[in-house]
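Each chain, written out:
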Amino acid sequence: MTTDATFRLEASSPPILHVEGDWTLRNYRQLARQIAEQRPALGKDLALRFSALSGFDTVGAKLLVDLLGVPLALQQTTDGSDLPRAWRGLLAAVAEAKAIAIPKAPKPRQAWITDMLAQVGATMLSQRACALGLLGFTGLCLQTLLGSLWRPSRWRITAVVAQIEQTGLDAVPIVSLLTFMVGAVVAFLGATVLANFGASIYTVDLVAFSFLREFAVLLTAILMAGRTASSFTAQIGSMKANQEIDAIRALGLDPVQLLVLPRIIALLVAMPTLTFVAMLSGLFGGAMVCALSLDISPAMFMSLLQQDVGILHFVLGMVKAPLFALVVAIIGCNEGFKVSGSAQSVGQHTTSSVVQSIFVVILLDALAALFFMEMGW
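Residues numbered from 1 in each chain as written. Predicted model: local features only at pLDDT ≥ 70, side-chain atom pairs only at ≥ 80, totals over all residues. Heavy atoms only, no water.

Enquirer: Residues and numbers for the overall build of the chain, please.
Expert: Per the secondary structure count, the chain includes 13 helices and four strands. For a compact globule of 377 residues, the expected C-alpha radius of gyration is about 21 Å, and the chain comes in at 38 Å, more than 25% above that figure. Seen along its three principal axes, the alpha-carbon backbone of the chain occupies a region of about 120 × 60 × 35 Å. Within the chain, the fraction of its 377 residues that count as buried is 42%. Within the chain, residue pairs in contact and separated by at least 24 positions form 79% of the contacts whose partners lie at least 6 positions apart. When the accessible surface of the chain is summed, it comes to about 20600 Å², and 66% of that surface belongs to carbon and sulfur atoms. Computed over 25 positive and 24 negative side-chain charges, the separation of the two mean positions in the chain equals 7 Å. (Helix = DSSP H or I, 4+ residues; strand = E, 2+ residues; numbered from the N terminus. Rg over C-alpha atoms; globule rule 2.2 N^0.38 Å. Buried < 20%, exposed > 50% of the residue type's maximum accessible area, 1.4 Å probe, protein only. Contact = heavy atoms within 4.5 Å. Areas by Shrake-Rupley, 256 points an atom, 1.4 Å probe, with all protein chains shown as cover. Lys, Arg positive; Asp, Glu negative; His and termini not counted. Charge placed at Lys NZ, Arg CZ, Asp CG, Glu CD.)

Enquirer: Help me get a handle on the nonpolar core, residues and values and all.
Expert: If you look at the biggest cluster of nonpolar residues, it comprises 49 residues, and the most contacted ones within it are Phe137, Val260, Leu267 and Met271. For this core, the secondary-structure elements that each account for two or more residues are α5 (112-149), α7 (172-194), α8 (203-241), α9 (244-250), α10 (255-293) and α12 (311-337). A total of 14 residues in this core trace back to one element, the largest contributor, which is α8. In this view, leucine 267 contacts Thr167, Met224, Thr228, Phe232, Pro272, Ala325, Val328 and Ala329; residues no more than four positions away in its chain are not counted. Judged by nonpolar contacts, the second largest core, of 26 residues, contains Leu67, Leu83, Leu91 and Ala95. (Core = buried A, V, L, I, M, F, W, Y, C linked by side-chain atoms within 4.5 Å.)

Enquirer: Just give me the short version of a nonpolar patch on the surface, but keep the residues and values in it.
Expert: Together, Ile311, Leu312, Val315, Val319, Phe371, Met375 and Trp377 make up a nonpolar patch on the protein surface, roughly 670 Å² of accessible area in all. Those elements giving two or more residues to the nonpolar patch turn out to be α12 and α13 (343-375). If one sorts the elements of the nonpolar patch by residue count, α12 sits on top with four residues. Summarising the element assignment, tryptophan 377 is placed in the segment after α13. (Patch = residues over 30% accessible without salt bridge, like charges linked within 9 Å, V, L, I, M, F, W, Y side chains within 5 Å. Salt bridge = Lys/Arg side-chain N within 4 Å of Asp/Glu carboxyl O.)

Enquirer: Account for the pairing of strand β1 (residues 5-10), naming residues and giving values.
Expert: Here β1 runs beside strand β2 (residues 16-23); their pairing, made up of six bridges, is antiparallel. Bridging across to β2, arginine 8 finds its partner in histidine 18. (Pairing = 2+ DSSP bridges.)

Enquirer: Can you tell me about the packing of α8 against α13, naming the residues and giving the values?
Expert: The angle between the axes and the distance between the axes are what describe a pair of packed helices. Axis separation between α8 and α13 bottoms out at 8 Å; the angle between their running directions is 155°. As far as their axial angle goes, α13 and α8 are roughly antiparallel. Where α8 crosses over α13, the two elements pack in a sense that is right-handed. Per-class residue counts for the contact of α8 with α13 are 13 nonpolar, nine polar and three charged. (Axes fitted to C-alpha atoms, helices over the stretch in contact; angles between N-to-C directions. Parallel < 35°, antiparallel > 145°, perpendicular 65-115°, else oblique. Left-handed = near helix turned anticlockwise from the far one by under 90°. Nonpolar A, V, L, I, M, F, W, Y, C, P; charged D, E, K, R; others polar.)

Enquirer: Describe the state of the cysteines, and please don't skip the residues or the numbers.
Expert: The full count for this structure, using the stated rule, is zero disulfides. Here cysteine 141 is not disulfide-linked; the sulfur of cysteine 333 is the nearest cysteine sulfur, at 6.8 Å. (Disulfide = S-S within 2.5 Å.)

Enquirer: Any details on α7? Residues and values, ideally.
Expert: Taking 1.5 Å as the rise per residue, α7 with 23 residues should run 33 Å; its terminal C-alpha atoms sit 32 Å apart, in good agreement. Inspection of α7 places Val175, Ser176, Thr179, Gly183, Ala184, Val186, Ala187, Gly190 and Ala191 among the buried residues, and these make up the whole buried set. Summarising the contacts, the buried residues of α7 are in contact with α8 and α10. (Expected span 1.5 Å × (residues − 1).)

Without other data, these values stay purely geometric and don't point to any function.
As structure tokens, this is what we get:
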């Protein structure tokens, strides 16, 4: 048995490459030098002959892959090759490892404007998918709600009352305190500015118009977005992560009817009530500042309020409350159903529900203000 190792290319049609001798660690230097000096140009129609191959190990497999290249080396591991079957697995393993180790060509650098436009496009597609999903979930909730109206057996009275307590009654202190302070600040700033024009008396109108039309319902909706929408998402998301939603479906129950409708109905009841409380608190804060800074007594404050502010402004503020409640509840529940099975996903979707709720509430409030202005209300 020869201990030399070599290869030679036979000029024929197709060309034949003869791999001969002992391709092991013993002949590494000889083979490496020969491959570096005499490496032939190999075509796709090359035929290989291993009949004179007497030895083969991992080093020989590595050198053969260097000589042939990964694709051609992998072809020698099939049944069509005359390489002994005992060595085919070794050659395949070395060729696959070589293919993994080959560094990928770096991506060509793109201009910053291209990256920015790509990011904008990806964000727009993501927002489009999010909007379509939200609209679909809204339709599903409304369909389930309408389908349950005529079936009292499906009403979840206990769950609705419990949710009203959590979303409405427990939120009264924070809503009252916040709107009271905002009302006092608005009255103080209004009095400071209007005093330069000798019109401090109109501070009453400023506080009344701002809270009856905008501030009360908007501040309440923003608080509900941060307090209630996040709670809905965390509750439903935790159930989704613990596979409780799958268990509900396995029992033949509808998760939307069981989990979503009580929350929507509760918020539809709680939001107008909290808005009314916010209006009273804001007016009370403004009245206190007027009494302390402008010598406008509470009786005079109420008299000016009755004379200058019509009931229409109160109605326009209250009309927006159910719409904001529906939006906040649906977004909070929808994000909860998107949660996957991890705590990180719960946190991400909870944050997303708060951001979406606040954004949509402010957008709808701006559109409603423009509509009321165009209608002359």
